Amino acid sequence: MAYFGGLGGLGGLGGLGGLGGLGGLGGLGGLGGLNASGLGGLLGAGAGGALDPLTVQGLQTSAQAIAHVAGDAATHPSRELEFSSTDNLDRWSDWVRASLYLSDFFSEIVWEAPKDTKEVTISYRSRSTGDAHPFFRIARPDGDLFDKQLEFVRAYMDQRPERTAEITSQLGFPTPYFAMILGLVPARNGKTLELITLTQVLAAHVAMIVKHHLAIRRPDRIGTTILPMIPTPGHGSFPSAHATEAFAVTRMLEGLIDASGTHYPDGEKRKKLLRKQAERIAVSRTVAGVHYPVDSWAGALLGKTVGEIVLKKCGVDTELRGLKYEARADSDFMVSHYQSSKWGEHGVSELPQLSVDVSEQFTWLWTNAVNEFDL
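Thresholds, definitions, all that
Residues numbered from 1 in each chain as written. Predicted model: local features only at pLDDT ≥ 70, side-chain atom pairs only at ≥ 80, totals over all residues. Heavy atoms only, no water. Helix = DSSP H or I, 4+ residues; strand = E, 2+ residues; numbered from the N terminus. Buried < 20%, exposed > 50% of the residue type's maximum accessible area, 1.4 Å probe, protein only. Contact = heavy atoms within 4.5 Å. Areas by Shrake-Rupley, 256 points an atom, 1.4 Å probe, with all protein chains shown as cover. Phe/Tyr/Trp six-rings, centres within 6.5 Å; stacked < 30°, edge-to-face > 60°. Lys NZ or Arg CZ within 6 Å of the ring centre and 35° of its normal. Core = buried A, V, L, I, M, F, W, Y, C linked by side-chain atoms within 4.5 Å. pLDDT = per-residue confidence, 0-100. Axes fitted to C-alpha atoms, helices over the stretch in contact; angles between N-to-C directions. Parallel < 35°, antiparallel > 145°, perpendicular 65-115°, else oblique. Left-handed = near helix turned anticlockwise from the far one by under 90°. Nonpolar A, V, L, I, M, F, W, Y, C, P; charged D, E, K, R; others polar. Expected span 1.5 Å × (residues − 1). Polar contact = N/O pair within 3.5 Å; in protein donor to acceptor, adjacent residues only side chain to side chain. Salt bridge = Lys/Arg side-chain N within 4 Å of Asp/Glu carboxyl O. Pairing = 2+ DSSP bridges.

Engineer: Report on the overall build of the protein chain, specifying residues and quantitative values.
Structural biologist: Check the secondary structure of the protein chain and you find 12 helices and six strands. Counting the 375 residues in the protein chain, one finds 51% classified as buried. Taking as baseline every contact in the protein chain between residues at least 6 positions apart, the subset at least 24 positions apart corresponds to 77%. Within the structure as shown, the protein chain displays about 16900 Å² of accessible surface, and the carbon and sulfur contribution to it stands at 53%.

Engineer: Let's hear about the packing of aromatic side chains: which residues, and what values?
Structural biologist: In this structure the tally under the stated criterion is 13 aromatic pairs. Relative to Phe106, the ring of Phe105 lies with its centre 5.0 Å away and its plane at 80°, an arrangement referred to as edge-to-face. On the numbers, 6.5 Å between centres and 20° between planes, the contact of Trp297 with Tyr325 is stacked. Placement of the pair is Trp297 in helix H10 (residues 293-313) and Tyr325 in strand S5 (residues 321-325), with a sequence separation of 28 residues. Like Tyr325, Trp297 is buried. Clustering of aromatic rings is evident, with ring pairs tying together Phe146, Phe238, Phe247, Tyr292, Trp297, Tyr325, Phe333, Tyr338 and Trp343. Over the face of the ring belonging to Phe362 we find Lys313, whose NZ or CZ atom lies 5.1 Å from the ring centre.

Engineer: Describe the nonpolar core, with residues and values.
Structural biologist: Formed by 90 residues in total, the largest nonpolar core has its most connected members in Phe238 and Tyr325. In terms of residue count, the dominant contributor to this core is helix H6 (residues 190-214) (13 residues).

Engineer: Which residues make up the environment of Tyr325, and what are the values?
Structural biologist: A relative accessible area of 0% means that Tyr325 is categorised as buried. Spatially, the C-alpha atoms of Tyr325 and Phe136 are 8.0 Å apart, while their sequence positions differ by 189 residues. Setting aside anything within four residues of it in sequence, one finds Tyr325 in contact with Arg137, Ile138, Ala139, Phe238, Val294, Trp297, Ala298, Leu301, His346, Gly347 and Val348.

Engineer: Give me the lowdown on the confidence of the model for the protein chain, citing residues and values where you can.
Structural biologist: Residues of the protein chain with pLDDT of at least 70 account for 85%, and the chain-wide mean is 87. Highest mean pLDDT in the protein chain belongs to H10 (98); lowest belongs to strand S1 (residues 2-3) (50). Under a pLDDT of 50 for its full length, residues 3-38 has, in the predicted model, 103 contacts with residues more than four places off or in other chains.

Engineer: Break down unusual backbone geometry for me, citing the residues and quoting the values.
Structural biologist: Both trends apply: most residues other than glycine have a negative phi, and most peptide bonds are in trans. Backbone torsion omega between Phe238 and Pro239 reads 5°, so that peptide bond is classified as cis. Within the secondary structure, Pro239 sits in the loop between helix H7 (219-222) and helix H8 (241-259).

Engineer: Hey, could you go over the packing of H8 against helix H12 (residues 360-371) for me, with residue numbers and the actual values?
Structural biologist: Contact geometry for H8 and H12: axes closest at 10 Å, N-to-C directions at 55°. The angle between H8 and H12 places the two elements in the oblique class. Remark: the crossing between H8 and H12 carries right-handed chirality. Touching Met252, Gly255, Leu256 and Ala259 of H8 are Trp366, Ala369 and Val370, all from H12. Its residues assigned to classes, the contact of H8 with H12 comprises six nonpolar, one polar and no charged.

Engineer: Run through the environment of Phe106, naming residues and quoting values.
Structural biologist: Among the secondary structure elements, Phe106 is positioned in helix H2 (residues 94-106). Separated by 99 residues in sequence, Phe106 and His205 have C-alpha atoms that sit 9.3 Å apart.

Engineer: Lay out H8 with the relevant residues and their values.
Structural biologist: Given a rise of 1.5 Å per residue, 19 residues ought to cover 27 Å, and the 27 Å separating the end C-alpha atoms of H8 matches this to within 8%. With 17 of 19 residues buried, H8 lies mostly within the body of the structure. N-capping of H8 is provided by Ser240, with a side-chain oxygen placed 3.4 Å from the backbone N of His242. Taken from the residues just after H8, Gly261 is the one with a positive phi, measuring 65°.

Engineer: Would you mind going over the pattern of salt bridges in detail, with residue names and values included?
Structural biologist: Under the defined criterion, the tally for this structure stands at 21 salt bridges. The closest approach of N and O atoms between Lys313 and Glu108, which form a salt bridge, is 2.7 Å. Separated by 205 residues along the polypeptide, Lys313 in helix H10 and Glu108 in the loop between H2 and strand S2 (109-112) bring together distant segments of the chain. Taken as a pair, Lys313 and Glu108 share a single burial class, namely buried. Its salt-bridge partner being Glu254, residue Arg275 comes within 2.5 Å of it at the nearest N-O pair. Residue Arg275 is found in helix H9 (residues 267-288), and its partner Glu254 is found in helix H8; the two are separated by 21 residues along the sequence. Overall, the relative accessible area of 27% leaves Arg275 in the partly exposed class. One network of salt bridges, in which partners are shared, links Arg251, Glu254, Arg275, Lys304 and Glu308.

Engineer: Residues and numbers for helix H1 (residues 53-66), please.
Structural biologist: Taking 1.5 Å as the rise per residue, H1 with 14 residues should run 20 Å; its terminal C-alpha atoms sit 20 Å apart, in good agreement. Here H1 starts with a cap whose side-chain oxygen sits 3.2 Å from the backbone nitrogen of Leu54, and that cap is Asp52.

Engineer: Kindly report on the pairing of strand S3 (residues 119-125), identifying the contributing residues and their values.
Structural biologist: Burial within S3 is extensive, with six of its seven residues counted as buried. Pairing between S2 and S3: four bridges, direction antiparallel. Paired with Trp111 across the two strands is Ile122, which belongs to S3. Here seven bridges tie S3 to strand S4 (residues 132-139), and the two strands are oriented antiparallel to one another. The residue bridging Glu119 from the neighbouring strand is Ala139, located in S4. In sequence, S3 turns back onto S4 through a hairpin of six residues, with Gly130 there showing a positive phi of about 85°.

Set out below in structure tokens:
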């Protein structure tokens, strides 16, 4: 059983400052906006940029010239910040908060990948009780399944001209496509956008764990006529990280709509738009030639559970029931099938319900995001 201890498993966290902004939509294929540190678009946000050499020299000479007017050093009592308090979070740079969020989340995630069963199980381990309960289990399909799935990939290629703009602009995190539905803008919804980016980064990391162990080759590696319209990402195909991220964000935003009260009187319609947008983001990766439909199935299910964990860590009272996925060769992916009443036809079954510890840091971010929707 493997686990994340703090930031131990994130890799390459040295030199956190100044490595990208909150926008962070750089195209890294299936990794969304992640960079070498694993903090994605949050890294570097809120950190001051380097000054030019002339200004640095000017500051030095100015300080030497004016310091004498302040007199002797101040002798006031020490004013320290409160120890271990979420009241300090707003004082830190965005990338520092991101580091704390990831430490919190991945200190509670464990996984198993026995070679005899070829199944990957991702579990949540409570820090309060020490108990670990699975929230996602997935079996590695036989190679013949993906040979059959190539027929779907070829059929979707006809949609490339229509979706070119979406596909290329979604190489990174497709945050603008969700912001459009809820009318989010940075000046008013900074914490909401931070919560979205955090959810995407968490979902992408969990997806990479599963991808690594299942090690499924991309469609263009087994089908000579696929010819992707974008660079093939340098990691496994199954599950789709784009689908994982999109459906994790959708599930989180559904909870945010509920918490926003009367801000959205048409909240249920917006939820439908979010789910349809997530479907389109996932399917566009099949259109591009880099994913099978079952990749989207696996990613959407994994994303749903990650989104619900985020909600529960934020203190939202929602049901979290683990899911198991055994891919079916004849399954195409569409949101009309992505509902519990039809899951059985596509190899989805439920695992036991589980609880998640509430996080002070996640609750702080959630409360600030919800407050951005006051009328």
